[in-house]
Every structure is written in structure tokens, then in C-alpha cells.
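Fold and contact review
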Amino acid sequence: MSNLVSKEIRLKARPQGMPKASDFEVASKPVAQPGEGDVLVRNIWMSVDPYMRGRMMDRESYVPPFQIGEVLQGGAIGQVVESKSPKLKVGDFVQSMFGWREYETSKAENFQKIDPTLGPIEAYLGALGMPGMTAYAGLFKIGELKDGDTVFVSAASGAVGQIVCQLAKAHGCYVVGSAGSDDKCRWLEKEAGIDKAINYKTCGDLNKAVGEAFPKGIDVYFENVGGAHLEAAINHMKPFGRLALCGMIEQYNDTTPRPGPSNIIQAVGKSLKLQGFIVSNHLDIVPSFYAEMGKLIKAGKMKWQESVEDGIENAPKAFLNLFSGANVGKMLVKVGPDKAV
Ligand SMILES: NC(=O)c1ccc[n+]([C@@H]2O[C@H](COP(=O)([O-])OP(=O)(O)OC[C@H]3O[C@@H](n4cnc5c(N)ncnc54)[C@H](OP(=O)(O)O)[C@@H]3O)[C@@H](O)[C@H]2O)c1
């Protein structure tokens, strides 16, 4: 054992409905000394993501459930502070799935080196990481986006949504996004450059607002929310429209199953394609994703927002922010100093 102690967040209870602070506990653990082939990494940033809510339930899914009393997992960016592997050296910045903790000792293969010169290192958890890749895979592979399409995006100002909006704009599309505050809508129109943002909390009749925003209909709907958003999109899809089902955050905390979209029958008559996807099944896109993002960032055509909670103790608060909409853009937790060595 080293003399270091790592603070970590464990799952204390499986949340019933909306998670509560008491479903999590802060604990400490001695940090293991690296053995042959291992590295010791000090985390600097960690990510909280909506999919983690599903892992808090005891059920079969595409990722195994978190276990009560065990440290949670998720994306993290850190720096190697000790190395017993030729694969990584002290000072290297790395990403891993060892989030929700300050330190981790593990085989070097469990960390991927990142290039800190491409952008701020925390962007590898957002625009240049899983959320950005989700936007890219969903829009192009699942949504089959064509230049000039009309595109509707829900949770448009979030980590995934903000990238979807700008990728679609870069392809000459007419883009409308929905978000839960006037500030978020303003950023989408003024900074992300979309054609119209709908504040779904104050617009009154969402279906009417979507219809007015798309007088000629929607080619591609990028679904992050579900419920009334999905029904409104289906009502206004053009024939042969594509719906990329990325997530349905509105129902992640439901305790009873809800009925499906009441207007799903329209999928038949309009020949709609509704397809769900999980980003990890589309890793073949990584090279083209970086090529396109690199080009857009260089041209000043890709911006992103981040919200930051400070300290590992505030990771549960950051996670809860995702369900109240308190985050603007990618929700991150700063868990350590900018440089660990
Ligand atoms: N399929 C995949 O591989 C994959 C990968 C990553 C993410 N996702 C999904 O993509 C979606 C966005 O994820 P993200 O990481 O980018 O999160 P995010 O959009 O940055 O954060 C979640 C946002 O959802 C909105 N929201 C929360 N509860 C809502 C509700 N009841 N009704 C309407 N909006 C609500 C809030 O924004 P407002 O202020 O606008 O309400 C909140 O800020 C999620 O559904 C997530 O599960 C899927």
C-alpha cells in the first residue's frame, strides 16, 4: 500500500424514483501500490452521465448494474503519478472508466493516453469524448443526415444535444432545438447558431410549437427526452423521416412503466424509421468523428458549454443536476488539481 488515501463515492441504496443524496456515500480507501505492469493515476476530472441512472437499478442491461457498497464507475481523466509499465509514463494524461474516485491503481491497458494539445483535457469527457461521439453516430449513422435536412433535437443544450445541433448546422440543415430555460435557448440561437430554440417549459403546447417551427415537417429527430417530445416529433415527421433514439431522460426515474407514444401508428403511414443506438456499438466512427470535429473546432464552428461541480464529494450533486436541468452543457466534476505531478 502507498501512503495515499483515495476518497470515493459508493452506491449506498438503489434509488427509488428520483435519486437522493442519501443513496450515495463518501468513503475513503488506501491507494494500492502499483505492481509490475500497473500505473497509479490521480484523477483530475470525472463525468456524470444520464445512463448511470440505469446502472443503479438491479436489472439486465447493456452494462452491468452497480453494486451496493461498491465504488461507482464512469469516465474520468487523470494523470499518471507512478508507473511500472513501459506503456505509460509519469505525467501522461489518460482517460479511463475509473471515475467517482480520486486515485486508481490498475493495469496500464485499462487507461488510454490522450493528447492534451488537442483541446482542454476535460473535453475528452464531453465534446471530444463519448457525448460528442454519440452526437456524431446518432446523427450520421442512425439519423442518416443529408445536407439541408430539417432537424429537431431535444435536450438540445446538453452535452450530446449541443454537438448534434452544430454538426447539423455545419451540414446546411435547418435546426430547431428544445431546452428547459430561456438562457439555454439564447445560447443555442446566439452561440450554437441554430435556427430556433423552444423552451419546452414555457411554450405551452409543445406539439403546436414544434409544428410552427417545422411548417414543412421534420426529416431527422434526435431523441434525448421521450414522452411529449417524441409524440410531437412523430406528429410532424415528414414521410420517410428518421428518428435516432439516443435517450429518453424524462422517464429514467419512473417507478411504473408508461404507455408508449399514443401516435406511433403514424410510423406506418409515413414510413418512418425509428432506431435506437448505443454509442459503444459504433466505435468505427472514431477516426471520422475526430476528423470532422477537428475541422469544425479549427474553423470556430464548434462551441460547447460545461458545468462544473468542485470536489469528489459533490459528484452525487452533479449527477442529480442532470435530472433537474441544472447543468448547462457537459456536467463535470473537478476531482483533483490540474496537474498531479
Ligand atoms: N445512446 C447512447 O449511447 C447515449 C450516450 C450518451 C447519452 N445518451 C442519452 O442522451 C441524452 C442526453 O445525455 P447528455 O449526457 O447529453 O445529458 P445532458 O443533456 O447534458 O443533461 C441532461 C439534460 O436533460 C434534460 N432533462 C432532464 N430531465 C428532463 C425531463 N424530465 N424532460 C425534459 N428534459 C429533461 C435537462 O435539460 P433541460 O434544461 O433542457 O431540461 C438536462 O440538462 C440522455 O437521454 C442520455 O441518456 C445516450
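Cut-offs and rules
- Residues numbered from 1 in each chain as written.
- Predicted model: local features only at pLDDT ≥ 70, side-chain atom pairs only at ≥ 80, totals over all residues.
- Heavy atoms only, no water.
- Helix = DSSP H or I, 4+ residues; strand = E, 2+ residues; numbered from the N terminus.
- Buried < 20%, exposed > 50% of the residue type's maximum accessible area, 1.4 Å probe, protein only.
- Contact = heavy atoms within 4.5 Å.
- Lys, Arg positive; Asp, Glu negative; His and termini not counted.
- Charge placed at Lys NZ, Arg CZ, Asp CG, Glu CD.
- Near = heavy atom within 4 Å.
- Polar contact = N/O pair within 3.5 Å; in protein donor to acceptor, adjacent residues only side chain to side chain.
- Nonpolar A, V, L, I, M, F, W, Y, C, P; charged D, E, K, R; others polar.
- Domains from an automatic or database assignment.
- Pairing = 2+ DSSP bridges.
- Axes fitted to C-alpha atoms, helices over the stretch in contact; angles between N-to-C directions.

Quick word on the overall build of the protein chain
When its secondary structure is counted, the protein chain shows nine helices and 15 strands. Projected onto its principal axes, the C-alpha coordinates of the protein chain cover approximately 65 × 45 × 35 Å. Here the protein chain holds 341 residues, and 52% of them are scored as buried. In the protein chain, the proportion of contacts linking residues at least 24 apart, taken out of those at least 6 apart, comes to 67%. In the protein chain, 39 positive and 38 negative side-chain charges are present, and the distance between their average locations comes to 2 Å.

Examining the site of the ligand
Taken together, 26 residues sit near the ligand, with Lys184, Tyr200, Tyr252, Val279 and Asn327 positioned nearest. The contact in question runs from an oxygen atom of the ligand to an N or O atom on the side chain of Lys184, over 2.5 Å. Within the backbone of Val279, a nitrogen or oxygen atom sits 2.8 Å from an oxygen atom of the ligand. For the shell around the ligand, the elements supplying multiple residues, two or more each, are α2 (130–142), α3 (159–170) and α9 (315–324). In terms of residue class, the shell around the ligand is made up of 16 nonpolar, eight polar and two charged. Of the residues that make up the shell around the ligand, three or more belong to each of domain 1 (5–126 + 305–334) and domain 2 (130–298).

Focus: the side chain of Glu309
On the secondary structure map, Glu309 appears in strand β14 (residues 306–310). Residue classification places Glu309 among the buried positions, given a relative accessible area of 13%. Reaching out from Glu309, the side chain makes a polar contact with the side chain of Asn321 at a distance of 3.2 Å. Aside from chain neighbours lying at most four places away, what touches Glu309 is Asn314, Lys317, Ala318, Asn321, Met331, Leu332, Val333 and Lys334.

Concerning helix α5 (residues 206–213)
Taken together, the buried positions of α5 are Leu206, Ala209, Val210, Gly211 and Ala213. In this fold, the buried residues of α5 make contact with β8 (150–153), β9 (174–179), β10 (196–199), β11 (218–223) and α6 (228–236). Where α5 begins, one side-chain oxygen reaches toward the backbone nitrogen of Asn207, 3.0 Å away; that side chain belongs to Asp205.

Comments concerning the sheet that holds β10
Read from one edge of the open sheet, six strands run β10-β9-β8-β11-β12-β13, paired in parallel fashion. At either margin of the open sheet sits one strand with a lone partner, and together these are β10 and β13 (273–276). The average undirected angle you get between the axes of adjacent strands in this sheet is 15 degrees. Pairing analysis gives four bridges linking β8 to β9, with the strands arranged parallel. When the bridges of β9 are listed, Val151 appears paired with Val175. Strands in contact with helix α4 (residues 182–190) are β9 and β10; relative to β10, the strand with the most contacts, it is inclined by about 170 degrees. Running at roughly 175 degrees to β10, α5 makes contact with β8, β9, β10 and β11 of the sheet.

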